[in-house]
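Coordinate inspection notes
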Amino acid sequence: MLVAGFPAGAFQTNCYLVATGVGEACVIVDPGQDAEEPLSAALAEHRLTPVAVLLTHGHFDHTFSVQPVCDGADIPAWIHPEDRELLADPMKGISKKSAAFFGGRLELREPRSVELLVDGADLELAGMRLRVDHTPGHTRGSVVFTTETEDGVEVILAGDTLFAGSIGRTDLPGGSHEQLLTSIQDRLMTRPDSGVVLPGHGPTTTIGRERAANPFLQTRQGL
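To keep things clear, this report deals only with the structure shown in the data block. (Residues numbered from 1 in each chain as written. Predicted model: local features only at pLDDT ≥ 70, side-chain atom pairs only at ≥ 80, totals over all residues. Heavy atoms only, no water.)

1. Points about the overall build of the protein chain
- A tally of helices and strands in the protein chain yields seven helices and 14 strands.
- Dimensions of the protein chain along its principal axes, counting C-alpha atoms only, are 45 × 45 × 30 Å.
- When each of the 223 residues of the protein chain is scored for burial, the buried share is 54%.
- Sequence separation of 24 or more characterises 60% of the internal contacts of the protein chain that already satisfy a separation of 6 or more. (Helix = DSSP H or I, 4+ residues; strand = E, 2+ residues; numbered from the N terminus. Buried < 20%, exposed > 50% of the residue type's maximum accessible area, 1.4 Å probe, protein only. Contact = heavy atoms within 4.5 Å.)

What follows is the structure, given as structure tokens:
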């Protein structure tokens, strides 16, 4: 399996390319602000052909470049229906203070092709199977995508649900701290410790590392 990633834009949002290997088809996960140029470079470096964009949630720091990326390659974007409205109206997903920073307006457009994610579904894309798990809490439509390496190790594209040593913020519209902790407990902490977590911001981690040391999870029984 090939996973290539880079932090994009002012928010340093991790954009990932996932494929079975060099020279193969790939999926793009969360093309954020200013992601187009480094994304093109990574596709060329690894000789990858994108077949879909997967969105872990609808916040604009993860979706900023989705329309030009999708329409430029004639590929669909996959997003949970609870967050679809944020594609064209990102102001609905941020605080009033943040909205004021952008003058109260930030105009984006949906890609021509949008597919809706279903909890528990298996997506067959780019020669891989990616399971969809709905993990509300950071946003109402947050999801994580899981695939496996040839050795059976889970690779978890976690968006802003779980970070190395932290969890996603829950003070924005649609956020819920209690719901996020429940999502992490029910959908992530049931995984093997070997599971590799690729978060939306910051460094890679593992399920075992977060189970043992993530301070936000220690107050919950069973984590």
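2. Considering the sheet that holds strand 9 (residues 143-148)
- Read from one edge of the open sheet, six strands run 7-8-9-10-13-14, paired in mixed fashion. At either end of the open sheet lies a strand with only one pairing partner, and these are strand 7 (122-125) and strand 14 (205-206).
- Alignment of strand 10 (residues 154-159) against strand 13 (residues 196-199), held across four bridges, turns out to be parallel. Residue Ile156 lies in a different strand from strand 13, and its bridge partner there is Val197. (Pairing = 2+ DSSP bridges.)

3. Overview of the sheet that holds strand 6 (residues 114-116)
- The strand order across the open sheet formed by six strands is 1-2-3-4-5-6, and the pairing between neighbours is mixed. On the outer flanks of this sheet lie strand 1 (2-8) and strand 6, each paired with one strand and no other. On average, each strand axis in the sheet is inclined to that of its neighbour by 25 degrees, with strand direction left out of account.
- Here strand 2 (residues 13-19) pairs with strand 3 (residues 25-29) via four bridges, running antiparallel. Each residue of the ladder has a partner; that of Val18, found in strand 3, is Val27.
- Packed onto the sheet, helix 3 (residues 66-73) meets strand 3, strand 4 (49-54) and strand 5 (77-79) and runs at close to 140 degrees relative to strand 4. (Axes fitted to C-alpha atoms, helices over the stretch in contact; angles between N-to-C directions.)

4. Description of the nonpolar core
- Counting 24 residues, the largest nonpolar core has Phe6, Leu17, Leu39, Leu48, Val53, Leu55 and Val66 as its most contacted members.
- Among the secondary structure elements, those contributing two or more residues to this core are strand 1, strand 2, strand 3, helix 1 (36-46), helix 3 and strand 5.
- With four residues, strand 1 is the largest single contributor of residues to this core.
- The contact partners of Val66, leaving out residues within four places of it in the chain, are Pro31, Val53, Leu55, Ala77, Leu87 and Pro111.
- Core analysis: the second largest hydrophobic core is formed by 19 residues, Tyr16, Val143, Val155 and Leu157 among them. (Core = buried A, V, L, I, M, F, W, Y, C linked by side-chain atoms within 4.5 Å.)

5. Overview of the pattern of salt bridges
- This structure, assessed with the given rule, holds 13 salt bridges.
- Residue Lys92 pairs with Glu85 through a salt bridge whose shortest N-O separation is 3.2 Å.
- On the basis of relative accessibility, which here comes to 43%, the residue Lys92 falls in the partly exposed class.
- In this structure, Asp133 and Arg191 form a salt bridge, with 3.2 Å as the shortest nitrogen-oxygen distance. Pair noted here: Asp133 is in strand 8 (residues 128-134) and Arg191 is in the loop between helix 6 (177-187) and strand 13, with a separation of 58 residues, a long-range link. Residues Asp133 and Arg191 agree in their burial class; the two are buried.
- In the salt-bridge network here, residues are joined through shared partners; they are Asp119, Arg131, Asp133, Glu154, Arg187 and Arg191. (Salt bridge = Lys/Arg side-chain N within 4 Å of Asp/Glu carboxyl O.)

6. Structural notes on the side chain of Asn214
- Considering the arrangement of structural elements, one finds Asn214 in the segment after helix 7 (207-213).
- Non-local contacts of Asn214, meaning those with residues more than four positions away in its chain, are made with Leu162, Phe163, Gly165, Ser166, Ile167 and Arg209.

7. Quick word on the packing of aromatic side chains
- Under the criterion given, the structure shown has one aromatic pair.
- Ring geometry for Phe11 and Phe60: centres 5.5 Å apart, planes at 90 degrees, overall edge-to-face. Remark: Phe60 occurs in helix 2 (residues 60-63) and Phe11 occurs in the loop between strand 1 and strand 2; sequence separation between them is 49 residues.
- Classification of Phe11 as partly exposed rests on a relative accessible area of 38%. (Phe/Tyr/Trp six-rings, centres within 6.5 Å; stacked < 30°, edge-to-face > 60°.)

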